[in-house]
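Each chain, letter by letter, is given below.
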Amino acid sequence: MIPPDKDVRLLSTQAETMQELDRNLSDFSELHGFVHETLCESENLLSNQFQTRIKPLRSKGSVCGVEYILRGPRSLRLSAIWAADQNVVYFYNAIGERYLKVKLSNRLDVSQIEKVA
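Since this is a predicted model, take the numbers as computed values, not measurements. (Residues numbered from 1 in each chain as written. Predicted model: local features only at pLDDT ≥ 70, side-chain atom pairs only at ≥ 80, totals over all residues. Heavy atoms only, no water.)

### Observations concerning the overall build of the protein
Here's step 1: On a plain count of helices and strands, the protein comes out with three helices and six strands.
Here's step 2: Reading the secondary structure of the protein in the N-to-C direction produces α-β-α-β-β-β-β-β-α.
Here's step 3: Looking at the protein residue by residue over its 117 residues, the buried ones come to 32%.
Here's step 4: Sequence separation of 24 or more characterises 43% of the internal contacts of the protein that already satisfy a separation of 6 or more.
Here's step 5: Accessible surface, the protein: about 8,000 Å² in total, of which carbon and sulfur atoms supply 47%. (Helix = DSSP H or I, 4+ residues; strand = E, 2+ residues; numbered from the N terminus. Buried < 20%, exposed > 50% of the residue type's maximum accessible area, 1.4 Å probe, protein only. Contact = heavy atoms within 4.5 Å. Areas by Shrake-Rupley, 256 points an atom, 1.4 Å probe, with all protein chains shown as cover.)

What follows is the structure, given as structure tokens:
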């Protein structure tokens, strides 16, 4: 417990700093391009210098989402996860904090993931 006479600075919570956007993407190819560009922009990386790996996520044997991983210089690791049930992409920075949530307007076909990955 903090004594009442101490100066306490309140830090902003993750919910206060995370941005939320809507995006209209028609397929996984567009989603991959959007995720790659967004991850690169977040750390000022040249998008043609780095690749984003795709990994399907499974629950009880069926695909439930996709993880996107970008590895950059100096052991930098950025990621994003598309959650199929919510049709949302969550972006994570280099220290693992979620900084962006993008709601997709069009529902993407989960069966198409295997063709892309």
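### Details of the confidence of the model for the protein
Here's step 1: Looking at the protein, the pLDDT average stands at 84 and 81% of residues meet or exceed 70.
Here's step 2: Here residues 1–15 scores under 50 on pLDDT; set against residues more than four positions off or in separate chains, the count is four contacts. (pLDDT = per-residue confidence, 0-100.)

### Here's the deal with the pairing of strand β3 (residues 62–71)
Here's step 1: Counted residue by residue, β3 has seven buried out of 10 residues, so it is predominantly covered.
Here's step 2: Here strand β2 (residues 52–59) pairs with β3 via eight bridges, running antiparallel. Looking at the pairing, Leu 57 lines up with Gly 65 of β3.
Here's step 3: Hairpin remark: β2 followed by β3, antiparallel, with two residues in the connecting loop; positive phi at Lys 60, about 55°.
Here's step 4: Sheet analysis places β3 next to strand β4 (residues 77–83), joined by seven bridges and oriented antiparallel. (Pairing = 2+ DSSP bridges.)

### Digging into helix α2 (residues 28–42)
Here's step 1: Its 15 residues give α2 an end-to-end C-alpha distance of 21 Å, which sits within 8% of 21 Å, the value for a rise of 1.5 Å per residue.
Here's step 2: Listing the buried residues of α2 in full gives Phe 28, Leu 31, Phe 34, Val 35, His 36, Thr 38, Leu 39 and Cys 40.
Here's step 3: The N-cap of α2, judged by a side-chain oxygen 3.2 Å from the amide nitrogen of Ser 29 a few residues on, is Asp 27.
Here's step 4: Following α2 by one or two positions, Asn 44 has its phi on the positive side, about 55°. (Expected span 1.5 Å × (residues − 1). Polar contact = N/O pair within 3.5 Å; in protein donor to acceptor, adjacent residues only side chain to side chain.)

### Concerning the packing of aromatic side chains
Here's step 1: Scanning the entire structure with this criterion turns up three aromatic pairs.
Here's step 2: When the centroid spacing of 6.0 Å and the interplanar angle of 85° are considered together, the rings of Phe 34 and Phe 91 count as edge-to-face. One end of the pair, Phe 34, is in helix α2; the other, Phe 91, is in strand β5 (residues 88–92), and 57 residues separate them in sequence. Of the two residues examined, Phe 34 and Phe 91, each falls in the buried class. (Phe/Tyr/Trp six-rings, centres within 6.5 Å; stacked < 30°, edge-to-face > 60°.)

### Section: the pattern of salt bridges
Here's step 1: Going through the model one piece at a time under the given rule, you end up with one salt bridge.
Here's step 2: Across the pair Arg 77 and Glu 67 runs a salt bridge whose closest N-O atoms are separated by 3.5 Å. Residue Arg 77 is located in strand β4, and its partner Glu 67 is located in strand β3; the two are separated by 10 residues in the primary sequence. (Salt bridge = Lys/Arg side-chain N within 4 Å of Asp/Glu carboxyl O.)

### As for the sheet that holds β3
Here's step 1: Taken in spatial order, the six strands of this open sheet run β1-β6-β5-β4-β3-β2, and their pairing is mixed. Single-partner strands in this sheet number two, and they are β1 (19–23) and β2. Geometrically, the sheet is characterised by an average inter-axis angle of 20° between neighbouring strands, direction not taken into account.
Here's step 2: Most of the contacts of α2 go to β3, to which it runs at about 35°, and overall it touches β1, β2, β3, β4, β5 and β6 (98–104). (Axes fitted to C-alpha atoms, helices over the stretch in contact; angles between N-to-C directions.)

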